[in-house]
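Architecture and fold: a report
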Amino acid sequence: MLGSKKRASVSGGTTLISHETVVIGDVHFSGNLDVEGLVQGNIIAQPGKDALLRVVGKGRVEGDIRVPCVIINGAVQGNVYSSKHLELATKSRVQGNVFYTMV
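If you walk across this open sheet you meet the five strands as E4-E7-E10-E13-E16, and the pairing is parallel. Pairing within the sheet leaves two strands with one partner each, and these edge strands are strand E4 (27-29) and strand E16 (98-100). Here three bridges tie strand E13 (residues 80-82) to E16, and the two strands are oriented parallel to one another. Within E16, the residue paired with Val80 across the bridge is Val98.

Now the structure itself:
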């Protein structure tokens, strides 16, 4: 785990991109976003809002991630920008640069 030693948690609703779903284009969100499918575009948290992204299992992102709290256990092809919490689990694969804040 990189960043804070605390477990990441965010209030608000949860959006799921299921394992057989492909999203083409940028995703802007607040709250929680779980990616089990494929996102071909950037994932961006709404400014000033809490946001947690989880890329789980066989989930994939082909684009940049700009979210305060990020947990990756899938694949990311792009840069990751996390300002509060970043966790790279055992099955995570990131092809790109990772930017995070040490606390």
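This paragraph deals with the pairing of strand E11 (residues 69-72). Residues of E11 alternate between two faces, with Cys69 and Ile71 on one and Val70 and Ile72 on the opposite face, all of them buried. Of the pairings in the sheet, the one linking strand E8 (residues 51-55) to E11 comprises four bridges and is parallel in character. Within E11, the position partnered with Leu53 by the bridge is Val70.

Each value, and the rule that gives it
- Residues numbered from 1 in each chain as written.
- Predicted model: local features only at pLDDT ≥ 70, side-chain atom pairs only at ≥ 80, totals over all residues.
- Heavy atoms only, no water.
- Pairing = 2+ DSSP bridges.
- Helix = DSSP H or I, 4+ residues; strand = E, 2+ residues; numbered from the N terminus.
- Buried < 20%, exposed > 50% of the residue type's maximum accessible area, 1.4 Å probe, protein only.

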